[in-house]
Amino acid sequence: MAEAADFQGMGPSPARRWLRRTASLIAGAPLVAGLLCGPAAPSAHAAETTEAATSSRSVDVSLDTLTPVAPGKSDTLTISGSVYNKGKQTVTDAQVDLRVGPTLSSRTAIDRAAERTGYAAGIDPAPVDGKYTVKIPKLPSHISRDFKLSVPLSDLELNEDGVYQLGVSLSGQTPAEPFDHVLGIERTFLPWQPEATEKKTQFTYLWPLISSTHLTAETGSDEQQTPVFEDESLARELAPGGRLEQLVSLGSDLPVTWVIDPDLLATVDAMTRNYQVKNGTTTVAGKNQALAKRWLRSVEAAVQGRKVVALPFADPDLASLAHRGKDISGSLSHLQPATEVAETTVETIVHAKPTVDFAWPVDGAIDSSIVDVATSAGAHKVIARSDSLRDNLSYTPSSARPIGGGTTAVVADARLSTAFQGDMLKTGTSTLAVQEFLAQTLALTLQVPGKERSIVVAPQRMPTASQAQSMARALQALNAQRWTQPLDLVAAAGAKPDADATTKVPASSRYPGQLRKQELPVQAFQDIRTTQNTLDNFKVILTAQDRVVTPFGRAIDREMSTSWRGSPAAAQLYRDSVRTYLQSLTEEVQLIEKSQVTLSGRSATIPVTVQNKLVQGIDHLVLRLRSDNPTRLSLDHDKGIAEQPIKVEGGHSQSVKFAASANANGPVQMTAQLYTEDGKPYGLPMEFTVKVSEITPTVMLVIAGGVLLLVLAGVRMYSQRKRAAAREAAAEDAEGTEEAAEGTDGPEGDINSPDPGQASDPTPDTGPESGDPSGTGEKVDR
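Everything in this summary refers to the structure shown in the same document. Fair warning: this is a prediction, and the values are worked out from it, not measured in the lab. All residue numbers refer to position in the chain's written sequence, counted from 1. At least 70 in pLDDT is required for a residue's local features to be given in this predicted model, at least 80 for side-chain atom pairs to be given and counted, and no such filter applies to totals for whole chains, interfaces and linings, which use all residues. With hydrogens and water set aside, each side-chain value is computed from the structure's full complement of heavy atoms.

## A word on the packing of helix α5 (residues 243–251) against helix α13 (residues 465–477)
Point 1. Contact pair α5 / α13: the axes reach a minimum separation of 8 Å and the direction vectors enclose 15°. Relative to α13, the element α5 is oriented roughly parallel. For the element pair α5 and α13, the recorded crossing hand is left-handed. Each of Arg243, Gln246, Leu247 and Leu250 in α5 lies in contact with α13, whose residues at this interface are Ala465, Ala468, Gln469 and Ala472.
Point 2. Under the grouping applied here, Gly and all other residues not named as nonpolar or charged are polar, the nonpolar ones being Ala, Val, Leu, Ile, Met, Phe, Trp, Tyr, Cys and Pro and the charged ones Asp, Glu, Lys and Arg. For the contact of α5 with α13, the residue count by class is five nonpolar, two polar and one charged. Here an axis means a line fitted to C-alpha atoms, over the contact stretch when the element is a helix, while the angle between two N-to-C directions is reported on a 0 to 180 degree scale. Segments assigned H or I by DSSP are reported as helices when at least four residues long, segments assigned E as strands when at least two residues long, and all are numbered from the N terminus. Angle categories: roughly parallel below 35 degrees, roughly antiparallel above 145, roughly perpendicular from 65 to 115, and oblique for all the rest. Crossing chirality is assigned from the near helix's rotation relative to the far helix, an anticlockwise turn below a right angle marking it left-handed and a clockwise turn marking it right-handed. The criterion used for residue contact is that any of the two residues' heavy atoms lie within 4.5 Å.

Written as structure tokens, this is what we have:
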């Protein structure tokens, strides 16, 4: 970005005049040396310069703190840090000095100054008053010493508003160089704007609450559908000092616009109740409910009365969709539902109504295809970045600008947005980043003092705890509102655009190659389509669809998350786990395998059993049975196919009976298959064999003859037994008469009475012949 060489409306300061005079002398020195010494002099001078630069880096100077970061007139500047001797020789008679250079004329000048290393005589300014020097008599090799400098701002003679470069140097002597010279220097910036400017920069800072995927697609079979987490890493982020805890506690006191992934809120909300955590092949109960509840309460308190922007659920990777997924059928259809559920999720959990009209591609990099995908989800505002949508102006224009089709690009400033992307764990690194950030904001404001502009900062999506702390320190320094004043993102998107700002969206070929390498592959969207098709076929048979559609719909959203960038193996593993688990649920509804069935008779019923192991009931299924040889064995009134509707309660099985008619002997292959009501096959077909053994009329005649012979034999035996019994009775009567005639005593009672112990006719030992027809044949079931 081209910028003006100097701030408009400002004359040269005394320090700047000093720098110009010094630069003129330095520029003239080589010419004089060349005239006096001939051609060899420039080479000697270059070697001397190189040697001096190398020598000035033998001691590492670290600036740990600088307070106040944006001082006023009556403040005292305090700088603390350390010096470390990296060389092999002991440094003696050392001292730490503060050096204040002239104001830097542009944002580009700040960039160049930040890149400089080593000391350059004539370019780096002289030390301030010697009374502020810290003496270090001896600094052995590989030893460090701490220092602290305190200088009243009134003694620095800062005569004009602007960004001053500060240098903290260590000078001393070594045995190899026994003269006083600079051995190390560290530079930073001092923004000097003690009084508020007339036209302040409208300043918008996005504060993202986004995390990676922690929930699996699995849920318990209980009524609450207990969620299953991959691990407890999210709890560490929510704990005091954790990344997400720091973002909320710091952001609650800052004038920022919250940008939230609703999936994070939904995941933490799931932790507030019973949940399970994977532990190898099993799961264990999660124990961080209290932590999750406390964090959600803090989020709710932080966002009340503030602008909240909700990204589509799970923060889908818009660039991957645009470049790899849009040609896979159904991929773009997930965006609109993800946007709709985002608003409901945020409002339900933290009771704040969010704005869902913004899309945020990775690193603000856009092209025409990304904008098309973003707007297909209902977004009318796209958060871009100035290194993607470049302006060729001498100043930084306002962020908002129309890019056609009723869409507004909100172009975040690239320098400010990337200011805290490095490792901020070291206090020295954080201090330098904060000072450079503040310097850039002041330089931006002073570019065109009479022109008020609206600037947006969109930092990294998932700042670390140390990065968030550095960001907070920088924003707290702007609270005095001497050159900026806060503005929320919605207002910034509606600000009057700069007429000279770029509105042409880059072509797809301009998309950064490094970002393109991190995109989700085409295979990812093919996997998503397979999972979605399986879910669509499964849900139509369920009586409680929400128990399956909701968790798997959100899991599919997570498969497209921006957080998978740079982790292709983990992304593939997650997609595989979602697909596998869904397939296992569909297989809970299945046909029970049958063994061979033997069919005797002309007609019979063939049972087929449907098993439902799901917790909920199934409906809207049709079971179809097909005979591969209808001539031999037909179904449903001489047809080759019969079908019946299926409805099975959860945890139950149901046997369905099909009427069959046998026309000839022999084996018949049967195929049973479940179908949804719209005619799509459900599950795998089940095949079994029916062995037909029909009973012919000849066989029936033989059987009937045999039965008749048995009946006749029985009648004859019965008659013979009756005659024998009659003869025995007659013989007994004759013998009794003789005894009576001889006067033999007998039992008491009437002699003419029949004998009470006399046996009656025996019961027949065969049953009467039945005239009922024989059975229709037996069904054989597993």
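Moving on from the model shown.
## Some points on the layout of surface pockets
Point 1. Buriedness of a pocket was judged along seven lines, with at least five required to meet protein on both sides within 12 Å; pockets are open sets of points on a 1 Å grid over the protein atoms alone, cavities are sets where a 1.4 Å probe fits but cannot get out, and lining residues have an atom within 4 Å of a point. Grid points are joined across faces, edges and corners, and a volume is the space filled by probe spheres set on the points. The volume enclosed by the second largest pocket comes to roughly 780 Å³.
Point 2. Around the second largest pocket sit 28 residues that line it, and Leu215, Ala266, Ala270, Arg273 and Thr550 are the ones nearest its centre.
Point 3. If you list the elements that add at least two residues to the lining of the second largest pocket, you get β9 (215–219), α6 (262–271), α9 (335–350) and α17 (546–559).
Point 4. If you tally residues by element for the lining of the second largest pocket, the top one is α17, at seven residues.
Point 5. Partitioning the lining of the second largest pocket into residue classes produces 10 nonpolar, 10 polar and eight charged.

## Considering unusual backbone geometry
Point 1. Of note, the bond from Thr67 into Pro68 is cis; its omega dihedral lies within 30 degrees of zero at -10°.
Point 2. Along the chain, Pro68 turns up in the loop between β1 (59–67) and β2 (76–85).
Point 3. For Asp363, which is not glycine, the phi dihedral falls at a positive 55°.
Point 4. Secondary-structure assignment places Asp363 in the loop between β15 (358–359) and α10 (368–376).
Point 5. With a phi close to 55°, Gln481 is a non-glycine residue in the positive phi region.
Point 6. Of note, Gln481 is situated in the loop between α13 and β20 (484–486).

## Re empty space enclosed by the protein
Point 1. For the structure shown, the criterion picks out five cavities of 30 Å³ or more.
Point 2. What the largest cavity holds in volume is close to 70 Å³.
Point 3. Contributing to the lining of the largest cavity are 13 residues, with Ser386, Thr396, Pro397, Val411 and Asp413 lying nearest its centre.
Point 4. Every element with two or more residues in the lining of the largest cavity is listed here: β18 (408–412) and β19 (454–457).
Point 5. Per-class residue counts for the lining of the largest cavity are six nonpolar, four polar and three charged.
Point 6. Around the second largest cavity, the lining residues are Pro312, Thr339, Val356, Phe358, Ala359, Ala374, Ala377 and Ala379.
Point 7. Grouping the amino acids of the lining of the second largest cavity by side-chain chemistry returns seven nonpolar, one polar and no charged.

## Remarks on the nonpolar core
A general feature of soluble globular proteins is that nonpolar side chains tend to end up buried together.
Point 1. One finds Leu623 and Leu633 to be the most contacted residues of the largest nonpolar core, which totals 77 residues.
Point 2. Looking at which element gives the most residues to this core, the answer is helix α18 (residues 568–586), with six residues.
Point 3. If sequence neighbours within four positions are ignored, Leu623 has contacts with Leu591, Val608, Val610, Ala642, Glu643, Gln644, Ile646, Val656, Phe658, Ala672, Gln673 and Leu674.
Point 4. As used here, the term nonpolar core means buried Ala, Val, Leu, Ile, Met, Phe, Trp, Tyr and Cys residues forming a set that is joined through side-chain atoms within 4.5 Å. Exposure classes here rest on a 1.4 Å probe applied to the protein chains alone. A residue is buried below 20% of its type maximum, exposed above 50%, and partly exposed in between. Grouped together as the second largest cluster of nonpolar side chains are 67 residues, Trp295, Ala342, Ala352 and Leu478 included.

## Points about the sheet that holds β15
Point 1. At least two DSSP bridges between two strands are required for those strands to pair. Spatially, the four strands line up as an open sheet ordered β15-β16-β18-β17, and their pairing is mixed. Strand pairing shows two members of the sheet lacking a second neighbour, β15 and β17 (400–402), which therefore form its edges.
Point 2. Relative to strand β16 (residues 381–385), β15 runs parallel, the two being bridged by two bridges. From the neighbouring strand, Ala359 faces β16, where its bridge partner is Val382.

## Here we look at the side chain of Asp527
Point 1. Its location among the elements puts Asp527 in helix α16 (residues 522–539).
Point 2. The term polar contact refers here to a pair of N or O atoms within 3.5 Å; inside protein, the definition further demands a hydrogen-donor-capable atom paired with an acceptor-capable atom, and it admits residues adjacent in sequence only when both atoms are side-chain atoms. Only 3.3 Å separates the side chain of Asp527 from the side chain of Arg575, close enough to count as a polar contact.
Point 3. Dropping the residues within four chain positions of it, Asp527 is found in contact with Gln572, Arg575 and Arg579.

## A few points about helix α3 (residues 107–115)
Point 1. Among all positions of α3, only Arg107, Ala109, Ile110 and Ala113 are buried. Mapping the buried residues of α3 onto a view down its axis gives an arc of 155°, with all of them on the same face. Summarising the geometry of α3, the exposed residues directed more than 90 degrees from the buried face are Arg112 and Glu115. Taking the helix axis as origin, the arc is that swept by the directions to the C-beta atoms.

## Focus: the packing of α16 against α18
Point 1. Remark: α16 packs on α18, axes separated minimally by 10 Å, with the N-to-C direction vectors making an angle of 20°. The orientation of α16 relative to α18 falls into the category roughly parallel. For the element pair α16 and α18, the recorded crossing hand is left-handed. Residue-level contacts link Gln523, Ala524, Asp527, Thr530, Thr531, Thr534, Leu535 and Phe538 of α16 to Gln572, Arg575, Val578, Arg579, Leu582, Gln583, Leu585 and Thr586 of α18.
Point 2. Residues that form the contact of α16 with α18 fall into these classes: six nonpolar, seven polar and three charged.

## A few points about the sheet that holds strand β27 (residues 652–662)
Point 1. Taken in spatial order, the four strands of this open sheet run β21-β23-β27-β25, and their pairing is antiparallel. Both edges of this open sheet fall to β21 (589–591) and β25 (633–635), since each of them pairs with a single strand only. The sheet shows a mean angle of 35° between the axes of neighbouring strands, taken without regard to direction.
Point 2. Sheet topology places strand β23 (residues 603–612) next to β27; 10 bridges connect them, and they run antiparallel. Residue Ala604 lies in a different strand from β27, and its bridge partner there is Ala660.

## Concerning the packing of aromatic side chains
Point 1. Stacked, edge-to-face and tilted labels apply to pairs of Phe, Tyr and Trp rings (six-membered ring for Trp) whose centres lie within 6.5 Å, assigned for plane angles under 30 degrees, over 60, and everything in between, in that order. Under the criterion given, the structure shown has eight aromatic pairs.
Point 2. With 6.2 Å between their ring centres and 80° between their planes, Phe203 and Phe437 make a pair best called edge-to-face. Taken together, the positions of Phe203 in strand β8 (residues 201–209) and Phe437 in helix α12 (residues 427–447) put the pair 234 residues apart, joining distant regions of the chain. In this pair, the class of Phe203 matches that of Phe437, namely buried.
Point 3. Their ring planes at 25° and their centres at 5.7 Å tell us that Phe552 and Tyr581 sit as a pair that is stacked. With Phe552 in helix α17 and Tyr581 in helix α18, the pair connects residues that are 29 residues apart, well separated along the chain.
Point 4. Each ring is checked for a lysine NZ or an arginine CZ that lies within 6 Å of its centre and within 35 degrees of its normal; such an atom marks a charge sitting over the ring. If you follow Lys594 out to its NZ or CZ, it ends over the ring of Phe688, 5.7 Å from the centre.

## Focus on helix α8 (residues 318–325)
Think of an α-helix as turning once every 3.6 residues; residues three or four places apart then point the same way.
Point 1. Of all eight residues that make up α8, seven are buried, and the element is covered over most of its length.
Point 2. Along α8, the residues that are buried comprise Leu318, Ala319, Ser320, Leu321, Ala322, His323 and Gly325.
Point 3. Of the surrounding secondary structure, the elements contacted by the buried residues of α8 are α9, β15, α10, α15 (513–517) and α16.

## Regarding the pattern of salt bridges
Point 1. Only one rule defines a salt bridge in this text: a Lys or Arg side-chain nitrogen within 4 Å of an Asp or Glu carboxyl oxygen. Summed over the entire model, instances satisfying the criterion amount to 25 salt bridges.
Point 2. Among the ionic pairs, Asp124 bridges to Arg116, the shortest N-O distance being 3.0 Å.
Point 3. Judged by relative accessible area, Arg116 falls into the partly exposed class, the value being 27%.
Point 4. Asp527 serves as the salt-bridge partner of Arg575, at 3.3 Å between the closest nitrogen and oxygen.

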